[in-house]
Every structure is written in C-alpha cells, then in structure tokens.
Amino acid sequence: MSASSGIRRRNVPSAADPETFPTSSALETLKRFDVYNKVHDDFVQKRQSGGAVTLVTAAILAMLLYCEVYEFFSVEILHSITVDTSIDRKLPISLDMTFPHLRCSEVSVDTVDSAGDTQVDAHGGLQMHNLDAAGKMSQGDPVAGPGDCWSCMEAADADHKCCNSCQELKNAYNDKGVPYFHILDSAMQCRSSIGCKIKGKVTVNKVSGNIHVALGKSVQRDGKLVHEFNIEDIGDGFNTSHYIDSITFGEYVEGLQSPLVGTRKIAGAGSWMYHYYIKLVPTVYISRWGTTTYTNQYSVTDSARNVQVKEGELSGLPGVFLVYDFSPFLMKQTESVKPWSYVFTSICAIIGGAFSVATLVEMALSSVLGCL
C-alpha cells in the first residue's frame, strides 16, 4: 500500500488558537454571566395556584404604582405665620357684581379708607355696564324716531305729553313729585337697561376702609364724601338685590377659597342697606416654581336692614358696603413637591415587597394544596 492511501490528518484550526473564535468566545462568556441563580425548566413545578397568585400580584402592583405616582405629582401646602411688616404695599381689589334691578345711572361706586384717600365714582379701573331684562349687556335705551310720542305714564299731564327717553320720563315724574323707581323695569323708554354690572379692579391703600355701591351721585365736599339724590325718587323703594360673581383682595391665586363668591341677596320692599364686614389675612403664596404671589384670605360676616322709614325718610344710605380690615399677621403658604429620588426608591420598594409577599403566599398555597 502506497503512502498516499494512508490516513490523512485534515488541516483544521486548533481550538486553542486564541485568534480563531474571539467573537464567539466573548459572546458565550457574556451569556453565561448572570448574578442571579437560574433554575432549569426541568426542575420547575408549574401550578394553577402560582398563576392565580401572579395575576393577583400584578393587579395589586399596578394599583400601588398608580397610587404612588399620583402621590408623587400631588402638591403639599406648607403653612407658616409671621408678623406682617409690609404696610406700604397697595391693595388691588377685583370686583364682579351684578345688580339686576338698578340702572348704572342711579348708583355710584366709591372707595374710602382710614388714611383719608377717597376714590369717587368708579375710578381706578372699575367699569359699569347696563343690563337688559335677560341679564345681558345692553346696547342702551331705545331711541324715539321722528314723530314718535311715547307715553309719560303716571306723569302725563298738559306739560308732559311725550316722554321719548328714559331721562325725560324721570324728569316728568320728578316734576310731578311722583316716585319713578317702580316703573323703570316696565317703561319702554327704560326697560332695555334695567340692571347694572360692575366689573374691574381698583387699587387702594393697605389700611382699613370700604368700597361701596350706593344710591345717588357721589361728590366730595370739604374733604367728605357726599351722595346726592332726591329722596322723593325712592318713595316706592330702592331695589339693592345683588349677586357677587367674584371678588379678590390682592392677586388672584387659583384654588384659594373666597367666601363671598356666589353670594345672592334678594331685597324685599323698601330700601335695603347691606354690610359685609371682611377680615383680611395677608398671604404670600410661593409656588413650586419659586414664583411669589401676594394676596389675602378673608372671613366675612354680613348684616342687612331696611333703611326706609315712614314719611319717606331714610335711616341710612341704601346700597352695598364692603368694609374691610387687616390682620397684623402674614400667612405664608409654600407649595412642596417630592423629589424624583422619592418615586424611584418607592417604586423599587413596592416591586420588591410585592414579589416577596407573592412568593410567600404561593409557597403557603402550595403546601396547603399538597396536603389535600
């Protein structure tokens, strides 16, 4: 037999050659690396109780995670009290009130404070808007056309045959000495503007004072505020029914309670004077973003009385008076939020605890079912 027919050794690379399979060896090493012990599938016993425990654990885990995330995004308000030393600060008052049965021309809005500063007739940003019978903004009283002659109603006489505007109608009643307030809601000359909405902002000194909406035209005489009106005009009453849609002392802060918002007062017969006594607590609100807002929390008590007495006399001025005074303390409210590390550690604790408890429950169930 020739040497060519003998056994030949194939030229294959040596397994010990470090350059032969460097990538494959590194991949196998990475696959074998694991810090947790693994149990081979042949040694795992699968039971229905284990599946039920897994589903219940997943549901509880989802609920706990939701509650934890919700708690993380909630804001906690921290409260502290100090003495208020910012006496030179101004106080902006934002007001939105509706008088459904008072024409804007019949009242004035004024502010008076203990420092002697008086703002007359809606100065400082307050606006007065006439309302129609439906409570909507009025376009004004109707205008009589050429040749029209509107009735002067109860004031009609030889001198007053035609009253083609609301003012002419009121003048006719005044000339005759008859009260006219009871016909303003029904007279065609006036019924397009039977109510008044007062809205806007006025800035006052940070001292005790009042802002009021009262009968008549206000003027200052000898340093005093005087309301001018003809008492005969309100012989049939002065309807001061009102709604307070919003009122803010200081800057607006969302979520801060306002006891007067939503107040509804319906006046009966006569002329009513309403007083709201407001105790302001200066408040500094610091948001989670670091922005600072100066506002005021307040408590309120109110009183009401009919100031119209017999023989057309008045024992007070019909209207609505917001009388405010300040507390010497400053309330500081600070928004506090939890750090991100809180939610991470809480989620890890929840997951670890849930799996540990689930394992114990599953072991207990397996032991009980194994004994049955």
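A few points on the structure. As the structure is a prediction and not an experimental result, all values here were calculated from the model.

Calculation rules
Residues numbered from 1 in each chain as written. Predicted model: local features only at pLDDT ≥ 70, side-chain atom pairs only at ≥ 80, totals over all residues. Heavy atoms only, no water. Helix = DSSP H or I, 4+ residues; strand = E, 2+ residues; numbered from the N terminus. Buried < 20%, exposed > 50% of the residue type's maximum accessible area, 1.4 Å probe, protein only. Contact = heavy atoms within 4.5 Å. Pairing = 2+ DSSP bridges. Axes fitted to C-alpha atoms, helices over the stretch in contact; angles between N-to-C directions. Polar contact = N/O pair within 3.5 Å; in protein donor to acceptor, adjacent residues only side chain to side chain. Arc of directions from axis to C-beta. Core = buried A, V, L, I, M, F, W, Y, C linked by side-chain atoms within 4.5 Å. Salt bridge = Lys/Arg side-chain N within 4 Å of Asp/Glu carboxyl O. 1 Å grid on protein atoms, 1.4 Å probe; cavity = no way out; pocket = protein on both sides within 12 Å on 5 of 7 lines; lining within 4 Å. Points joined across faces, edges and corners; volume = space filled by probe spheres on them. Nonpolar A, V, L, I, M, F, W, Y, C, P; charged D, E, K, R; others polar.

### Here's the deal with the overall build of the protein chain
The number of helices and strands found in the protein chain is 4 helices and 15 strands. For the protein chain, buried positions account for 34% of its 372 residues. Intrachain contacts of the protein chain at a sequence separation of at least 6 include 74% that bridge at least 24 residues.

### Let's talk about the sheet that holds strand β5 (residues 127-131)
Strand order in the open sheet formed by 5 strands is β5-β6-β2-β10-β11, and the pairing between neighbours is antiparallel. Because the sheet does not close on itself, it has two edges, and the strands there are β5 and β11 (263-265). Each strand axis lies, on average, 15 degrees off the axis of its neighbour in the sheet, ignoring direction. The pairing of β5 with strand β6 (residues 195-205) spans 5 bridges and is classified as antiparallel. Counterpart to Q127 in the pairing with β6 is K199.

### Focus on the environment of S108
Secondary-structure assignment places S108 in strand β3 (residues 107-113). Under the relative-accessibility criterion, S108 is labelled buried at 1%. Reaching out from S108, the side chain makes a polar contact with the backbone oxygen of G216 at a distance of 3.2 Å.

### Here's the deal with helix α3 (residues 166-176)
All of the buried residues along α3 are C166, L169, K170, A172 and Y173. Seen from one end, α3 has its buried residues packed into an arc of 155 degrees, which puts them on one side. Following α3 by one or two positions, G177 has its phi on the positive side, about 75 degrees.

### Looking at the nonpolar core
If you look at the biggest cluster of nonpolar residues, it comprises 51 residues, and the most contacted ones within it are F249, I278 and Y324. When residues of this core are traced back to their parent elements, those giving at least two are β2 (90-99), β3, α3, β6, β7 (209-215), β10 (242-249), β12 (272-286) and β14 (319-326). Sequence-distant contacts of F249, that is, excluding residues within four places in its chain, are made with L91, P92, I93, I278, L280, T295, N296, Y298 and Y324.

### Re the environment of Q220
The topology assignment puts Q220 in strand β8 (residues 217-221). Its relative accessible area of 46% is what places Q220 among the partly exposed residues. Counting along the chain gives 102 residues from Q220 to T118, while the straight-line C-alpha distance between them is 8.7 Å.

### Some details on the pairing of strand β15 (residues 329-336)
Relative to β15, strand β1 (residues 76-83) is paired through 8 bridges, and the arrangement is antiparallel. Looking at the pairing, I81 lines up with M331 of β15. Strand direction decides the pairing type here: β12 and β15, joined by 4 bridges, are parallel. Counterpart to Y285 in the pairing with β15 is Q333.

### Quick notes on the pattern of salt bridges
The final tally for this structure, using the stated rule, is 10 salt bridges. Measuring nitrogen to oxygen at the nearest pair gives 3.7 Å for the salt bridge that ties D325 to K279. Highlighted residues: D325 in strand β14 and K279 in strand β12, separated in sequence by 46 residues. One connected set of salt bridges, linked through shared partners, spans D96, K197, D245 and R264.

### Some words on the layout of surface pockets
Computed from the structure, the second largest pocket encloses a volume of approximately 270 Å³. At 4 residues, α3 tops the list of elements feeding residues into the lining of the second largest pocket. Per-class residue counts for the lining of the second largest pocket are 5 nonpolar, 6 polar and 5 charged.

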